[in-house]
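Chains, contacts and geometry: an overview
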Amino acid sequence: MMLIADDIEFDLLLEAIWLKHGYDFRHYAKASLRRRLEAFLVKSSMPSFSHLQYRMLRDPLFFERALDEITVQTTEMFRDAPFFASLRNDVLPILQTYPSINIWHAGCSTGDEVYSVAILLKEAGLYERSTIYATDINPVVLQTAKDAKYPISRIKEMTKAYQLAGGTLPFSNYYTCKDDTAYLIPELKKNIVYNTHNLATDEAFIDAQLVICRNVLIYFDRDLQDHVVGLMTRSLSHRGFLCLGSKESASFLKSKVHLDTFRKDVKIYRKL
Ligand SMILES: C[S@@+](CC[C@H](N)C(=O)[O-])C[C@H]1O[C@@H](n2cnc3c(N)ncnc32)[C@H](O)[C@@H]1O
């Protein structure tokens, strides 16, 4: 099969990133990764992937910017209300029976989902005996997550999402305001440990009762999805829960043999 120059340059760019920076994007869903890198080419006023490769191999700051473009950071608090309602009503009552609860939140981006889970745990009286290990490939978003502050203009939308997901307390319980910034209360942050972790190349994480990895697998090809679901399943304790995003599924993967479907509609699985 003859490849056109652009295809060869694209593959070589991914290989170069892997060899130089240790980030393996070779098994990301090709078409969408390529679209993001093409957009970055245009932004950087470069004519080809080879030019991009030359710069990425030599300029660490430029590579950091590229990493931001490659990894999609869309996230929201209580994104996908039915999922959070099910976490509150179906999963937390089972986790309540454990003396301590470890949660691995993989691909957590800027932390919106992590704090949503922290709020659910607090309302269920489980926060004090929980530890949330929140990880992402991108160190820059983890710093934003640690800061846990939002423009006040976002509070209205966050309050609505909290209520849609079944929240009944005043959402203002969870932040304080200064100037035009809302700061999440320290109590929500204290049992969260942020760390970089690459799902494509790093090992299984901890012995967790709950693993949440939503809207991350959609960026991976089938082989990498399988690898990652296997990795997350190995990180789960017996009968632990695995939560995927609404457009994701373990049903077509080989690794599904280790999982039961717990709530099909909101993509919650349980380790067999
Ligand atoms: C679209 S965001 C999803 C954020 C959040 N889970 C949600 O659903 O709102 C995808 C996240 O996956 C992270 N990511 C991409 N590739 C990754 C990898 N190989 N290992 C860990 N995280 C990765 C990105 O940096 C980004 O923060």
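Examining the packing of helix α1 (residues 5-21) against helix α2 (residues 30-43)
- Across the interface, α1 lies against α2 with an axial gap of 12 Å and an inter-helix angle of 90°. Between α1 and α2, the interaxial angle falls into the category roughly perpendicular. Across the interface between the two elements, Asp 6, Asp 7, Phe 10, Asp 11, Leu 13 and Leu 14 from α1 touch Lys 30, Leu 33, Arg 34 and Leu 37 from α2.
- Per-class residue counts for the contact of α1 with α2 are 5 nonpolar, no polar and 5 charged.

Considering the domain arrangement of the protein chain
- Looking at the assigned domains, one finds that the protein chain contains domain 1 (5-70) and domain 2 (81-148 + 187-271).
- Here the C-alpha centroids of domain 1 and domain 2 sit 29 Å apart.
- Listed by partner, the interface residues are 11 residues for domain 1 and 12 residues for domain 2.
- Between domain 1 and domain 2, a total of about 980 Å² is buried, with carbon and sulfur atoms accounting for 57% of that surface.
- For the domain 1 face of the interface with domain 2, the top three residues by lost area are Tyr 23, His 27 and Tyr 28, together amounting to 46%.
- Counting across the domain 1 and domain 2 interface gives 3 residue pairs in polar contact (both at pLDDT 80 or more).
- Of the residues assigned to the side of domain 1 that touches domain 2, the class counts are 6 nonpolar, 2 polar and 3 charged.

Thoughts on the pairing of strand β1 (residues 101-106)
- Across the 6 residues of β1, 5 count as buried, placing the element largely inside the fold.
- Here β1 pairs with strand β2 (residues 130-136) via 6 bridges, running parallel. Directly across from Ala 106, in β2, lies its bridge partner Thr 135.
- Once you follow β1 into helix α6 (residues 112-123) and on to β2, the crossover reads as right-handed.
- Pairing of β1 with strand β7 (residues 208-213) involves 3 bridges; the strand directions are parallel. Each residue of the ladder has a partner; that of Ile 103, found in β7, is Leu 210.

Here's the deal with the site of the ligand
- Looking at the ligand, there are 22 residues lining it, with Tyr 28, Gln 73, Thr 75, Asp 136 and Asn 215 nearest.
- Tyr 28 places a side-chain nitrogen or oxygen 2.6 Å from a nitrogen atom of the ligand.
- One of the backbone N or O atoms of Leu 199 is found 2.9 Å from a nitrogen atom in the ligand.
- Here the ligand is seated within the largest pocket.
- Considering only residue class, the shell around the ligand consists of 8 nonpolar, 10 polar and 4 charged.

About the cut-offs
Residues numbered from 1 in each chain as written. Predicted model: local features only at pLDDT ≥ 70, side-chain atom pairs only at ≥ 80, totals over all residues. Heavy atoms only, no water. Axes fitted to C-alpha atoms, helices over the stretch in contact; angles between N-to-C directions. Helix = DSSP H or I, 4+ residues; strand = E, 2+ residues; numbered from the N terminus. Parallel < 35°, antiparallel > 145°, perpendicular 65-115°, else oblique. Contact = heavy atoms within 4.5 Å. Nonpolar A, V, L, I, M, F, W, Y, C, P; charged D, E, K, R; others polar. Domains from an automatic or database assignment. Buried area = accessible area lost by both parts, 1.4 Å probe. Polar contact = N/O pair within 3.5 Å; in protein donor to acceptor, adjacent residues only side chain to side chain. Buried < 20%, exposed > 50% of the residue type's maximum accessible area, 1.4 Å probe, protein only. Pairing = 2+ DSSP bridges. Right-handed = clockwise from strand over helix to strand, strands pointing away. Near = heavy atom within 4 Å. 1 Å grid on protein atoms, 1.4 Å probe; cavity = no way out; pocket = protein on both sides within 12 Å on 5 of 7 lines; lining within 4 Å. Sits in = over half its atoms within 2 Å of the grid points.

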